[in-house]
Amino acid sequence: MGLLTPDPGLIFWTAITFGILVFLLKKFAWKPILHALKTREETIEFSLAAAAKAKAEIEDLNVEKEKILAEAKSERDSLIKEARELKQNIVDDAKNKAQEEADKILESARQLLEREKSEAIRDMKKQVAELSVDIAGKLLEQELESTDKQKAIIERYLQEVNFN
Amino acid sequence: MRHTKQVLILIAIFFSSLVTYASDKHSEEIEEEFDAMEMINHHIADAHEWHVISYAKQSGEEVHIAIPLPIIIFHDGKLRVFMSSAFHHGEELVHKGDDYYKLYHEKIYITDADGAIHYDENHDVLNEKPWDFSITKNVASMFMSAVIILLLFILAARRYGPEPKAPKGLQSFLEPLILFVREDIGIAQIGKEKYERYMPYLLTVFFFIWINNLIGLVPFFPGGSNLTGNISVTMLLALITFLVTNFSGTKSYWQHIFWMPGVPAPIRILLSAIEFIGILTKPFALMIRLMANITAGHIIILSLFSLIFVMKSLAIAPVSILMSLMMFMLELLVAALQAYIFTLLSALFIGMAVHEEEH
C-alpha cells in the first residue's frame, strides 16, 4: 500500500521544516504575541478595576458632598437665625439705649429747668424782696400819708406780682 | 494592506524565478482509456516534479508543463543531486557514477543500463531503492506553506508593541485564532498553570495543519499537494505529540499507566498492559485520522470530477460540479476541523500527562 508507506525523505524534510517553523515562530511570533496579549489582558483588567475603584470613590465623594452641602445649609440657616436675633438684639439695645438717653436728657433738662426755675424763683424772690423793700419804702412814704391806702397799694402790688 | 501585497509579490517572484519547462510528448491516441484510479492515485501521491498544466496541441501533441524539482539521493555513501527534469517524466534513465536511476511510479529505483524493473509475484518492485531525500512536490509545497506562515505571523507579531493597543488589519484576523488556540485548546486542556510551555507547539501545529490543508484544497498550481494527507507528515506530527506528551509525564501519569492505584494487583497488571498500548494508540490514531480525513476529501472531489470522464458525457458535468462544490465547502470545514482536532487531542494528551493527581 503506497498510501500507508511512510517516505523517509518526506519525514526528514517535514522534521526540519517543522522544527525550524516552531523555532522561528516561537522566537518571532508566539512569544511577542502571547506576551502582548497577556499584557493587554492585564492592562484591561487593571483598568477595569481602577475604573470601578474610581467609580466607588466618586460615589463616596458624592455622599460626602451631599453631607457637606446639608451641613452648610443648616449652618447657613442657623447663621441667618443668629444674625436675625443679633439684629433684633442690637435694635432692641439701641432702642433701649436711646430711650435711656432720651430719659436721661429729659431728666437733666428737667433738673436744669428745676434749677433754673428755682434760681428764677430765688431771683424773683430777691427782686420781690427788693421790690417789696422798694414798695415798702414807697409805702412807708405813703403810710405816712394813709394807712389804708398803703394797705391797698401793697395788696395791689402783690396782686400784680405773678410767680409764674 | 501593504504587507499582504508584499507577501503576494514575494510568492509570485519566488515561483516565477523557478524554471518552467515544457516537454513534448507524442500521444499515440487521444482517445486513451481514462483510468480514474490512476489519476486519483497520481494526484494524492507525492511527485518529483511540480505539475502545472497539461494540454493537447492541435496536432494531437500532449504538452506537460511542470516545474522540475531537485532530486537528492543517497546511495552507497554517495550523495547525488540533480534536477528531476533529467528523468523526462520517467522516460529516461539517469546515469550517475556507476548507477542507473529510474523514476518509476514516482519512486526512484536502481536499475541496470537497460532500465529493467523486476517484480515479485505480488507485482511489487524488487529493484533496490536509494535513500530519497528529494525536494518533492510535497516538500516544496511545505516550504511554501512555511514561508506563508512565517510571513503571516511575524508580520502580525510586529504590530504588537510594548504598549497595549487595539488590534488592526491582519492582526485582528489572526488574533482571535491565536486566542482560540490558547483559551479553548491550551488552557482548557492543559490548565492555567502549565499551558504556556506547550503553546508554541500547539499554535504551530494548528496553523501548519490548517494552512497546508487549505493549500491542498487549491485545485491548481501551486496548490493541490496532499501534504497533510501524507502519512509521513502525520506520522512525524504524531511522533512529536507522542514525545512531548511522554517527556512531560508526571509521576502520577506513569503511576496510572503502570501501577493503577486503588485496584487489586491482578487488575493492575491487566490495566498496565492496556494503558501501555494506549500510549501508542493515541498518537497512532492522530496519525491515521488526519491522513485519512484529508486524503479521503481529495479522493472524493477527484472522483466526482472523474465521473465526467468515466461517463464520457458533458451532461454529467453540472451534477459533478455541484457535488464537488458541496464537497469543497465541506472540505473547507474539514481543513479547519482536522487542524483543531489534532491540536485539541495533542493538548488533551499533554494535559493528561502533566496532570497532578491529588490522592
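Residues numbered from 1 in each chain as written. Chains lettered and ligands numbered in written order. Predicted model: local features only at pLDDT ≥ 70, side-chain atom pairs only at ≥ 80, totals over all residues.

The name an unreviewed UniProt entry gives chain B is ATP synthase subunit a, with Carboxylicivirga linearis as the organism. Quoted verbatim from the Function (unreviewed entry) field of UniProt, the annotation for chain B is "Key component of the proton channel; it plays a direct role in the translocation of protons across the membrane." The heading Sequence similarities (unreviewed entry) in the UniProt record of chain B holds the text "Belongs to the ATPase A chain family." (UniProt positions renumbered as here; feature names shortened; annotations may be inferred.)

For chain A, an unreviewed UniProt entry supplies the name ATP synthase subunit b and the organism Carboxylicivirga linearis. Its UniProt record gives chain A the following Sequence similarities (unreviewed entry) comment, quoted word for word: "Belongs to the ATPase B chain family."

Topic: the UniProt feature "coiled-coil region" (unreviewed entry) in chain A
The positions that UniProt labels "coiled-coil region" (unreviewed entry) are, in the present scheme, residues 44-130 of chain A. Annotated as 100% helix and 0% strand, the span residues 44-130 of chain A places its first and last C-alpha atoms 122 Å apart. (Helix = DSSP H or I, 4+ residues; strand = E, 2+ residues; numbered from the N terminus.)

Some points on the UniProt feature "transmembrane region" (unreviewed entry) in chain B
All names here are of chain B. The sites that carry the UniProt feature "transmembrane region" (unreviewed entry) are, in the present numbering, residues 139-157, 201-221, 227-245, 257-280, 286-311 and 332-354. The distance from the first to the last C-alpha atom of residues 139-157 is 26 Å, and the span holds 100% helix and 0% strand. Between the C-alpha atoms that bound residues 201-221 the distance is 29 Å, and the span itself is 81% helix and 0% strand.

Side note on the interface of chain A and chain B
In this complex, chain A contributes 31 residues to the contact, which on the side of chain B involves 35 residues. Here the residues of the side of chain A that touches chain B sort into 22 nonpolar, 6 polar and 3 charged. (Contact = placed C-beta atoms within 7 Å. Nonpolar A, V, L, I, M, F, W, Y, C, P; charged D, E, K, R; others polar.)

Brief notes about the sheet that holds strand 9 (residues 131-132) of chain B
Residue and element names in this part refer to chain B. One open sheet accounts for 3 strands, arranged 5-4-9; its pairing is antiparallel. Only two strands of the sheet have a single partner each, and these edge strands are strand 5 (78-83) and strand 9. Inspection of the sheet shows strand 4 (residues 70-75) paired to strand 5 by 6 bridges, in the antiparallel sense. Across the sheet, the residue bridging to Phe74 is Leu79, located in strand 5. (Pairing = 2+ DSSP bridges.)

Quick look at unusual backbone geometry
All names here are of chain B. At Asp76, a residue that is not glycine, the phi angle is positive and equals roughly 55°. Among the secondary structure elements, Asp76 is positioned in the loop between strand 4 and strand 5. A positive phi angle is found at Glu106, which is not glycine, with a value near 60°. Secondary-structure assignment places Glu106 in the loop between strand 7 (99-104) and strand 8 (107-111).

Describing the UniProt feature "transmembrane region" (unreviewed entry) in chain A
Summarizing the sequence annotation, UniProt attributes the feature "transmembrane region" (unreviewed entry) to residues 12-30 of chain A in the numbering used throughout. Helix makes up 100% of residues 12-30 of chain A and strand 0%, whereas the separation of the span's terminal C-alpha atoms amounts to 25 Å.

So, the packing of helix 3 (residues 137-158) of chain B against helix 4 (residues 170-190) of chain B
Residues and elements named next belong to chain B. At their nearest, the axes of helix 3 and helix 4 sit 9 Å apart, and the two run at 105° to each other. Taken together, helix 3 and helix 4 sit at an angle that is classed as roughly perpendicular. On helix 4, the residues that touch Leu152, Phe153, Leu155 and Ala156 of helix 3 are Leu170, Gln171 and Leu174. Taken together, the residues that form the contact of helix 3 with helix 4 break down as 6 nonpolar, 1 polar and no charged. (Axes fitted to C-alpha atoms, helices over the stretch in contact; angles between N-to-C directions. Parallel < 35°, antiparallel > 145°, perpendicular 65-115°, else oblique.)

Details of the pairing of strand 2 (residues 49-56) of chain B
Here strand 2 of chain B pairs with strand 3 (residues 62-68) of chain B via 7 bridges, running antiparallel. The residue bridging Tyr55(B) from the neighbouring strand is Val63(B), located in strand 3 of chain B.

A word on the packing of helix 5 (residues 199-217) of chain B against helix 9 (residues 317-354) of chain B
Pairs of packed helices are described in terms of their axes, by the angle between the two and the distance that separates them. Residue and element names in this part refer to chain B. Their axes nearest at 9 Å, the elements helix 5 and helix 9 cross at an angle of 160°. One finds that helix 5 runs roughly antiparallel with respect to helix 9. By crossing handedness, the relation of helix 5 to helix 9 is classed as right-handed. Between helix 5 and helix 9, the residues in contact are Leu202, Val205, Phe206, Ile209, Trp210, Asn213, Leu214 and Leu217 and Phe328, Glu331, Leu332, Ala335, Ala336, Gln338, Ala339, Phe342, Thr343, Ser346 and Ala347, respectively. (Left-handed = near helix turned anticlockwise from the far one by under 90°.)

Topic: the sheet that holds strand 7 of chain B
Residue and element names in this part refer to chain B. Spatially, 6-7-8 is the arrangement adopted by the 3 strands of the open sheet, whose pairing is antiparallel. Pairing within the sheet leaves two strands with one partner each, and these edge strands are strand 6 (94-96) and strand 8. Averaged over all neighbouring strand pairs, the angle between strand axes comes to 35°, with direction disregarded. Of the strand pairs in this sheet, strand 7 and strand 8 are connected by 5 bridges, and their pairing is antiparallel. Across the sheet, residue Leu103 finds its bridge partner in strand 8, namely Ile108.

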